[in-house]
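# Summary of structural features
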Amino acid sequence: MEKNEKKKYWLKILATLFLSFFAFIVFSNFKSIKDALFGADYGDIVIAIGAALASCLVGTYAFSEINQIFGLQNDNKRLFAIGFITIAFNNLITLGGSTGHTLRILLLKDKHQIKNILTASFFFSYLNILALAILSFISIGAVFFSVNIPQKILQTFEVIFFIYLFTVSLISLATFKHSFRKKILLKTAEIIKRVFKKDFISDFIHIDQILLSGLNTLGNFGLFSWKILGFILLDWIFSAITLFFCFRALGIFLTPAILFSGYFVGIATGLASMLPGGLGAQDLSQIAFYNIFGISIPMAMSVDILFRITYYFVPFLVALIMYWRLVWKIKK
């Protein structure tokens with residue numbers, strides 16, 4: 001427990017440092033940021049909001065299909081609503097996907113299917129990581145071949161990318177290689193038993209069986225499994241389109257390669273920081289990246305604020321309305 005408390009303590013310090021630095025930059029450039037935001041093209045902002053909602057919707061479709069493949073028996077409309085709510089909540093308060101997983105269990109209210117819910121959620125998260133890796137590889141490759149980047153920045157960029165690629169490869173191996181996955185699950189159960197004195201071995205074996213069954217089902221569907229990955233790729237593409245229209249609203253036009261590469265750097269840093277929504281870490285890394293390509297810090301920060309509003313807060317408000325409606329139905 002002491003280690004867990006220390007981890008939380010250092011995360012709080014890290015979050016405070018990132019947010020303090022972020023607040024300092026906003027305060028230092030307040031007039032420029034205010035002028036940029038008030039001078040934004042609101043037609044482009046409306047399109048950005050539409051792209052953000054489209055991103056949530058296609059992601060929700062993929063989520064619903066994955067849950068059914070992994071044996072979750074529930075009303076389709078309710079499952080779709082839960083998918084939208086948890087994706088929007090998880091985007092805003094990302095904590096390694098745990099926000100979405102926990103909320104799905106609470107909203108589905110079925111203790112008998114908890115393992116199915118968790119397995120489907122983790123697989124959905126894996127496909128999101130895989131889709132991001134694919135799009136990042138394409139965009140970063142395009143940047144390397146089309147733009148002259150300083151050597152030191154290029155080396156840092158390569159290190160971040162290869163760490164991410166190694167992580168994705170390891171997760172892929174654990175997902176699809178049954179013997180490797182079983183070893184990891186059993187070892188994790190052993191560590192939990194030793195530290196917390198709780199035995200989860202039978203639960204982990206059950207989760208392994210659910211995953212194996214779901215993967216077999218996906219294999220039998222053939223092209224349908226690629227269709228699901230396609231929808232998740234589309235989810236990320238719509239999120240990048242949201243960012244594109246946030247830039248365009250402020251009169252800035254970037255190539256798709258630079259746009260998505262900067263987005264990838266921000267998302268990867270935000271996920272690695274384990275801060276809620278990557279707040280501070282994601283923003284500062286994106287601002288620094290776009291600044292390298294000639295976007296001034298006040299303008300990059302204005303885009304970041306606009307993206308936070310359109311992609312994170314607007315879908316979250318829609319999800320909040322859906323959440324209260326769903327809770328009301330459950331109580332009724």
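Residues numbered from 1 in each chain as written. Predicted model: local features only at pLDDT ≥ 70, side-chain atom pairs only at ≥ 80, totals over all residues. Heavy atoms only, no water.

### Notes on the overall build of the protein chain
Looking only at helices and strands, the protein chain features 13 helices and zero strands. Put simply, the protein chain runs from its N terminus to its C terminus through helices and strands in the order α-α-α-α-α-α-α-α-α-α-α-α-α. Across the protein chain, every contact between residues at least 6 apart in sequence was considered, and the portion connecting residues at least 24 apart equals 76%. Of the roughly 17,600 Å² of accessible surface on the protein chain, a fraction of 70% belongs to carbon and sulfur atoms. (Helix = DSSP H or I, 4+ residues; strand = E, 2+ residues; numbered from the N terminus. Contact = heavy atoms within 4.5 Å. Areas by Shrake-Rupley, 256 points an atom, 1.4 Å probe, with all protein chains shown as cover.)

### Quick look at a nonpolar patch on the surface
The grouping of I134, F137 and I138 at the surface amounts to a nonpolar patch, some 300 Å² of accessible area in total. Within the secondary structure, I138 is located in helix α6 (residues 114-146). (Patch = residues over 30% accessible without salt bridge, like charges linked within 9 Å, V, L, I, M, F, W, Y side chains within 5 Å. Salt bridge = Lys/Arg side-chain N within 4 Å of Asp/Glu carboxyl O.)

### Topic: the packing of aromatic side chains
For the coordinates displayed, the defined rule picks out 17 aromatic pairs. Pairing Y61 with F231 gives two aromatic rings, centres 4.5 Å apart and planes at 45°, and the pair type is tilted. Of this pair, Y61 sits in helix α3 (residues 42-69) while F231 is found in helix α10 (residues 223-249), placing the two residues 170 residues apart along the sequence. Aromatic pair F289 and F293: ring centres 5.0 Å apart, planes at 45°, arrangement tilted. An aromatic cluster is defined as three or more aromatic residues linked by ring pairs; in this entry it consists of W236, F260, Y263, F307, Y311 and Y312. R308 extends its terminal NZ or CZ atom over the ring of Y312, reaching a point 4.7 Å from the ring centre. (Phe/Tyr/Trp six-rings, centres within 6.5 Å; stacked < 30°, edge-to-face > 60°. Lys NZ or Arg CZ within 6 Å of the ring centre and 35° of its normal.)

### Considerations on the side chain of Q286
Among the structural elements, Q286 can be located in helix α12 (residues 281-292). The buried category is assigned to Q286, whose relative accessible area is 3%. (Buried < 20%, exposed > 50% of the residue type's maximum accessible area, 1.4 Å probe, protein only.)

### Details of helix α4 (residues 76-92)
Between its first and last C-alpha, α4 extends 24 Å over 17 residues, near the 24 Å set by a 1.5 Å rise per residue. Within α4, 13 of the 17 residues are buried, which leaves it mostly tucked inside the rest of the structure. (Expected span 1.5 Å × (residues − 1).)

### Quick notes on the confidence of the model for the protein chain
In this model, the protein chain carries a mean pLDDT of 79, and residues with pLDDT of at least 70 account for 80%. Within the model, pLDDT remains below 50 along residues 95-99, and this stretch shows 10 contacts once partners closer than five positions in the same chain are excluded. (pLDDT = per-residue confidence, 0-100.)

### Observations concerning the packing of α3 against α6
Each pair of packed helices gets described by two things: the angle between the helix axes and the distance between those axes. Contact geometry of α3 with α6 gives a least axis separation of 9 Å together with a crossing angle of 135°. Comparing their axes, α6 and α3 come out oblique. Of the two possible hands of crossing, α3 and α6 adopt the one that is right-handed. Across the interface between the two elements, G59, A62, F63, I66 and N67 from α3 touch A120, F123, F124 and L127 from α6. (Axes fitted to C-alpha atoms, helices over the stretch in contact; angles between N-to-C directions. Parallel < 35°, antiparallel > 145°, perpendicular 65-115°, else oblique. Left-handed = near helix turned anticlockwise from the far one by under 90°.)

### Quick notes on the pattern of salt bridges
Using the criterion set out here, one finds five salt bridges in the structure. One salt bridge in this structure joins D44 and R248, with 3.1 Å as the shortest N-O distance. Remark: R248 occurs in helix α10 and D44 occurs in helix α3; sequence separation between them is 204 residues. Using a relative accessible area of 6% as the deciding quantity, one classes D44 as buried.

### Here's the deal with the nonpolar core
Residues I66, F123, I232, Y263 and Y290 are the most contacted members of the largest nonpolar core, which totals 79 residues. Setting aside chain neighbours within four positions, we find I232 in contact with A62, I66, F124, L127, N128 and A131. (Core = buried A, V, L, I, M, F, W, Y, C linked by side-chain atoms within 4.5 Å.)

### Digging into the environment of N148
Summarising the element assignment, N148 is placed in the loop between α6 and α7 (151-176). Residue N148 is classed as exposed on the basis of its relative accessible area of 78%. Sequence-wise, N148 and F293 are 145 residues apart; in three dimensions their C-alpha atoms are separated by 9.9 Å.

### Here's the deal with the packing of α3 against α4
Between α3 and α4, whose axes approach to 8 Å, the crossing angle comes to 125°. It follows from the interaxial angle that α3 and α4 lie oblique. In this structure, α3 crosses over α4, and the sense of that crossing is right-handed. Contacts between α3 and α4 pair L53, C56, L57, G59, T60, Y61, F63, S64, N67 and Q68 from the former with N76, L79, F80, I82, G83, F84, I87 and N91 from the latter.

### Some remarks on the environment of I114
Mapping I114 onto the fold places it in helix α6. It is 9.8 Å that separates the C-alpha atoms of I114 and I207, two residues lying 93 residues apart in sequence.

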